[in-house]
Protein chains: 2
Amino acid sequence: MSTDELAAHPWRLDSPLSAVPSAVDAQLKEYLNRSQEEFSHIGPLVGGAITVLRDFIVNGGKRVRPTFAWAGIRAALEGGGGSSPAAGIDQGAILNALSAFEFIQACALIHDDIIDRSDTRRGFPTAHRTFESKHHERGWLGSSEHYGISQAILIGDLAFAWADDLYNGSGLSTTALQRARPAWRAMRTEVIGGQILDIALEANGSEDVADSFAVIKYKTASYTVARPLHIGAALAGANEQTQTMLRNVGQDIGEAFQLRDDQLGVFGDPEVTGKPSGDDLRTGKRTTLINEALQRGDESQVAALREGLGKGEESAETDIERLRDIIYDTGAQAEVEKLIEARTQRAIESLRAGGLGADITAELTQLAEELTHRRF
Amino acid sequence: MSTDELAAHPWRLDSPLSAVPSAVDAQLKEYLNRSQEEFSHIGPLVGGAITVLRDFIVNGGKRVRPTFAWAGIRAALEGGGGSSPAAGIDQGAILNALSAFEFIQACALIHDDIIDRSDTRRGFPTAHRTFESKHHERGWLGSSEHYGISQAILIGDLAFAWADDLYNGSGLSTTALQRARPAWRAMRTEVIGGQILDIALEANGSEDVADSFAVIKYKTASYTVARPLHIGAALAGANEQTQTMLRNVGQDIGEAFQLRDDQLGVFGDPEVTGKPSGDDLRTGKRTTLINEALQRGDESQVAALREGLGKGEESAETDIERLRDIIYDTGAQAEVEKLIEARTQRAIESLRAGGLGADITAELTQLAEELTHRRF
């Protein structure tokens, strides 16, 4: 961060979790500007592509992964067995490491948007559509669509490279980085593996609850919560017991978070979620909720679901209502709600019994509740 | 490597450059098997995808980048100011770091093949085509083509993640890794930047020699030779003077190597190159050679070139002959040959005057000549 920004976001070893997003935002902007300057010699066409990446990263995101990584560091330092400076945790370097998670996320989202053929993300055109439009507006040669995909693959790659540069060059001590290396490796492989699995299951038509749950485990829970907490704790030298506890807590919170997403994708109020009503019903995605319904439903319910799911914009609001009622009637909604509750409660109990300081315990508990009980 | 393989490929600090490919091959196999085992819990569908990556990496490649990185290490240790173990270079860790370059290369090739819509690579189907065929054979849902592209994007990402895991977790000392960090960062950004530039120039129809040369500089020369030499030298603690000399030598060799490729793409004997005759004429790619011809040609030559280039399989062998003659007549072939010679000679003279040991000087000189005077 620049001196001004540092002054606006002084980072301390007890900064609250809620302070992470704005501090990470400032750090990301500074790093992106510096990197764009550093590689400006490759020419303005590449500078323009980096601008697309910068806009993508700067325009939003809740910075969930940096927040959990910071929670892991705080947990280590507040009763989890780590101690600074013995842990080799340098306050100036922490924001670099936290920001690195957002570059991994940028790569994941940019590549996922290509895979899912998505046109918008957070109200803006997706990266491949942005490049596609530029190509089209300039009347360039060849297929605008393929150009968009190609450049978006590449700026996703660039984001992934910079994630590692920011993380390994963060300034955190080697001892700290070394402790966290297995978790850092696992997080990246698990999110990519989870996405490979997700696509393969969509293609093979699986309606197996265990299959959809495996995607939740790796693509969401591990990547979004469990590993960021684990990495933060390992960086700051938490003892084994705390690391294991946080990883399990993170896995529970992450699974509950995604199961809540499944519920909102069917039952969410569009005025609150900002997404079309029954989005998952229109896409026909085999989420855990929908697979539960297919497993629990009687013959006619299953037939009606198979018939009605995945009709996209064709589905009238009354069709959507009907599918929603069927899913509710099978008991799948109640079952998923039970899974969410069990995980949230187990996580909160583990945190309360975890022997961490009162502040971090309260902040993590609140975050767990927000993420799993959210209505949007 | 396993004990058996280590015994078959003992690595010493004076191992010749020619020993790199087989040692790296063995190391790559071992790492891929270990990683597949490590993440087998994500399930067989992901295991299958990792097998595609493994086959891609194991089936060939000349291991050019690991070879130059090793040359950089040897140069540092043989007169370049580095010394082991003061340099923090551990023999067991070196092969990990050298192998990491091949994972970056795997990502670059897998993603480039999507971008270039290539069907084969080294005589095998490209990764996206392999996934596409599997999807098709199994009669899975959705578009086989889009499935192939999606999974290939993801295993490219996985290769990129593992490159960093192998490199940063190689076991090389922090001091060594820290010294090489700017070069490691630059190499990855430059190759992606060079590819972004290449695609943008193809789309905007540039026929500017300077534009095509910028692609050579970043996408090939820096990535393939200059930065690997630079990284190796920095890892092993070479002095500033040696690092700069090797980087310049590498830039010259790399540029000459790609200019030779341009020549072979037009004038190469298909029986020797193994590629169709006049490949670049059929694709119409604006290489430096072709842009030189367009700049030097008179009005009728330029018109004939613009008319005849890029007709793909439509071009008869006589059309190809004619384009080849025009390019020769403009003097572009001779000019590019001069550029190759100047760079090769400058590189060899710098090496001879570089104050490095006789062995590494001779081996690097030989490699430079092989790569720039090759007929295939």
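Quick notes on the rules
Residues numbered from 1 in each chain as written. Chains lettered and ligands numbered in written order. Predicted model: local features only at pLDDT ≥ 70, side-chain atom pairs only at ≥ 80, totals over all residues. Heavy atoms only, no water. UniProt positions renumbered as here; feature names shortened; annotations may be inferred. Contact = heavy atoms within 4.5 Å. Buried area = accessible area lost by both parts, 1.4 Å probe. Salt bridge = Lys/Arg side-chain N within 4 Å of Asp/Glu carboxyl O. Polar contact = N/O pair within 3.5 Å; in protein donor to acceptor, adjacent residues only side chain to side chain. Helix = DSSP H or I, 4+ residues; strand = E, 2+ residues; numbered from the N terminus. Nonpolar A, V, L, I, M, F, W, Y, C, P; charged D, E, K, R; others polar. Buried < 20%, exposed > 50% of the residue type's maximum accessible area, 1.4 Å probe, protein only. Domains from an automatic or database assignment. Least-squares fit on C-alpha atoms with pLDDT ≥ 70 in both. Expected span 1.5 Å × (residues − 1). Arc of directions from axis to C-beta. Axes fitted to C-alpha atoms, helices over the stretch in contact; angles between N-to-C directions. Parallel < 35°, antiparallel > 145°, perpendicular 65-115°, else oblique. Left-handed = near helix turned anticlockwise from the far one by under 90°. Core = buried A, V, L, I, M, F, W, Y, C linked by side-chain atoms within 4.5 Å.

Under an unreviewed UniProt entry, the name given to chain A is Polyprenyl synthetase family protein, and the source organism is Corynebacterium evansiae. UniProt annotates chain A under Cofactor (unreviewed entry) with the comment "Mg(2+)". What the UniProt record of chain A gives under Sequence similarities (unreviewed entry) is the line "Belongs to the FPP/GGPP synthase family."

Enquirer: Quick rundown of the interface of chain A and chain B? Include the residues and the values.
Expert: Every contact between the two is made by 55 residues of chain A and, on the other side, 55 residues of chain B. Contact between chain A and chain B buries roughly 5,100 Å² in total, counting both sides, with carbon and sulfur atoms accounting for 68%. Seen at the junction of chain A and chain B, the total is 6 salt bridges. Among the ionic pairs, Arg185(A) bridges to Glu38(B), the shortest N-O distance being 2.9 Å. Taken together, the connections running from chain A to chain B amount to 25 residue pairs in polar contact (both at pLDDT 80 or more). Elements represented by at least two residues in the side of chain A that touches chain B include exactly α2 (20–38), α3 (44–58), α5 (91–115), α7 (144–168) and α8 (174–204) of chain A. The element best represented in the side of chain A that touches chain B is α8(A), accounting for 19 residues. Residues that form the side of chain A that touches chain B fall into these classes: 29 nonpolar, 16 polar and 10 charged.

Enquirer: Any chance you could break down the environment of Pro182(A) for me, citing the residues and the numbers?
Expert: Residues and elements named next belong to chain A. Mapped onto the elements, proline 182 comes out in helix α8. By relative accessible area, which is 57% here, proline 182 ends up exposed. Between the C-alpha atoms of proline 182 and aspartate 165, which are 17 residues apart in sequence, the distance is 17 Å.

Enquirer: How would you explain the domain arrangement of chain A if you had to name every residue and give the values?
Expert: All names here are of chain A. Under the domain assignment used here, chain A contains domain 1 (1–77 + 90–172) and domain 2 (173–376). Taken over C-alpha atoms, the centre of domain 1 sits 24 Å from the centre of domain 2. Carbon and sulfur atoms supply 71% of the area that domain 1 and domain 2 bury against each other, a total of about 2,700 Å² over both sides. Interface area lost by domain 1 to domain 2 is led by Phe68, Tyr167 and Leu172, which between them contribute 27%. At the surface where domain 1 touches domain 2, the tally comes to 2 salt bridges.

Enquirer: Help me get a handle on the pattern of salt bridges, residues and values and all.
Expert: Per the counting criterion, the structure on display carries 54 salt bridges over all chains. Note that Glu363(A) and Arg74(A) form a salt bridge whose closest N and O atoms lie 2.9 Å from each other. Taken as a pair, Glu363(A) in helix α17 (residues 358–373) and Arg74(A) in helix α4 (residues 64–77) lie far apart in primary sequence, 289 residues in all. Arg74(A) sits in the buried class, given a relative accessible area of 1%. Of the charged contacts, one joins Glu190(A) and Arg227(A) as a salt bridge, the two residues approaching to 2.8 Å between their closest N and O atoms. Highlighted residues: Glu190(A) in helix α8 and Arg227(A) in helix α9 (residues 209–235), separated in sequence by 37 residues. Three or more residues joined by partner-sharing salt bridges are found here, namely Glu38(A), Asp165(A), Asp164(B), Arg185(B) and Arg188(B).

Enquirer: So, the relation of the copies chain A and chain B: which residues are in play, and what are the values?
Expert: Expressed as a screw transformation, the operator carrying chain A onto chain B has a rotation angle of 180° and an axial translation of 0.0 Å, and the superposed copies differ by an RMSD of 0.0 Å. Here the transformation between the copies is reduced to the relation of a two-fold axis. Mapped onto chain B, 100% of the interface residues of chain A are again interface residues, and the two copies thus contact each other with one and the same surface.

Enquirer: Account for α17(A), with residues named and values stated.
Expert: Residues and elements named next belong to chain A. With 16 residues, α17 extends 22 Å from end C-alpha to end C-alpha; this agrees with the ideal 22 Å at 1.5 Å per step. Those residues of α17 not exposed but buried are Ile360, Thr361, Leu364, Thr365, Leu367, Ala368, Leu371 and Thr372. Along the axis of α17, the buried positions cluster into a sector of 165°, meaning they face one direction only. Those residues of α17 that are exposed and aimed more than 90 degrees away from the buried face are Ala358 and Asp359. Turning to α17, the residues buried within the fold contact α4, α9, α10 (240–267) and α16 (332–352).

Enquirer: Residues and numbers for the packing of helix α5 (residues 91–115) of chain B against helix α7 (residues 144–168) of chain B, please.
Expert: Residue and element names in this part refer to chain B. Close contact between α5 and α7 brings their axes to 8 Å; oriented N to C, the two are set at 160°. Taken together, α5 and α7 sit at an angle that is classed as roughly antiparallel. In this structure, α5 meets α7 at a crossing whose hand is left-handed. Residue-level contacts link Asn96, Ala97, Ser99, Ala100, Phe103, Ile104, Ala106, Cys107, Ile110, His111 and Ile114 of α5 to Ile149, Ala152, Ile153, Ile155, Gly156, Asp157, Ala159, Phe160, Trp162, Ala163, Leu166 and Tyr167 of α7. Partitioning the contact of α5 with α7 into residue classes produces 18 nonpolar, 4 polar and 1 charged.

Enquirer: Kindly report on the nonpolar core, identifying the contributing residues and their values.
Expert: One finds Phe103(A), Trp162(A), Phe103(B) and Trp162(B) to be the most contacted residues of the largest nonpolar core, which totals 202 residues. In contact with Trp162(A), other than residues within four places in its own chain, are Tyr31(A), Leu32(A), Ser35(A), Phe39(A), Ile50(A), Leu53(A), Phe103(A), Arg185(B) and Thr189(B).

Enquirer: Which residues make up the packing of α5(B) against helix α9 (residues 209–235) of chain B, and what are the values?
Expert: Helix-helix packing: each pair is described by the crossing angle between the helix axes and the interaxial distance. Residues and elements named next belong to chain B. Where α5 contacts α9, the axes come no closer than 13 Å and their chain directions differ by 170°. Regarding the angle of α5 to α9, the classification is roughly antiparallel. When α5 is examined against α9, the residues Phe101, Ile104, Gln105, Ala108 and Asp112 are found in contact with a partner set consisting of Lys219, Tyr223, Pro228 and Ile231. The class makeup of the residues in the contact of α5 with α9 is 6 nonpolar, 1 polar and 2 charged.

Enquirer: Give me unusual backbone geometry: which residues, what numbers.
Expert: Trans peptide bonds make up the majority, and among non-glycine residues the majority have a negative phi. Despite not being glycine, Arg117(A) shows a phi value in the positive range, around 55°. With respect to the helices and strands, Arg117(A) occurs in the loop between α5 and β1 (120–121). Of the residues examined, Arg117(A) reaches a relative accessible area of 49% and is grouped as partly exposed. With phi around 60°, Arg63(B) is a residue other than glycine that occupies positive phi space. Tracing the sequence through the fold places Arg63(B) in the loop between α3 (44–58) and α4 (64–77). Of the residues examined, Arg63(B) reaches a relative accessible area of 3% and is grouped as buried.

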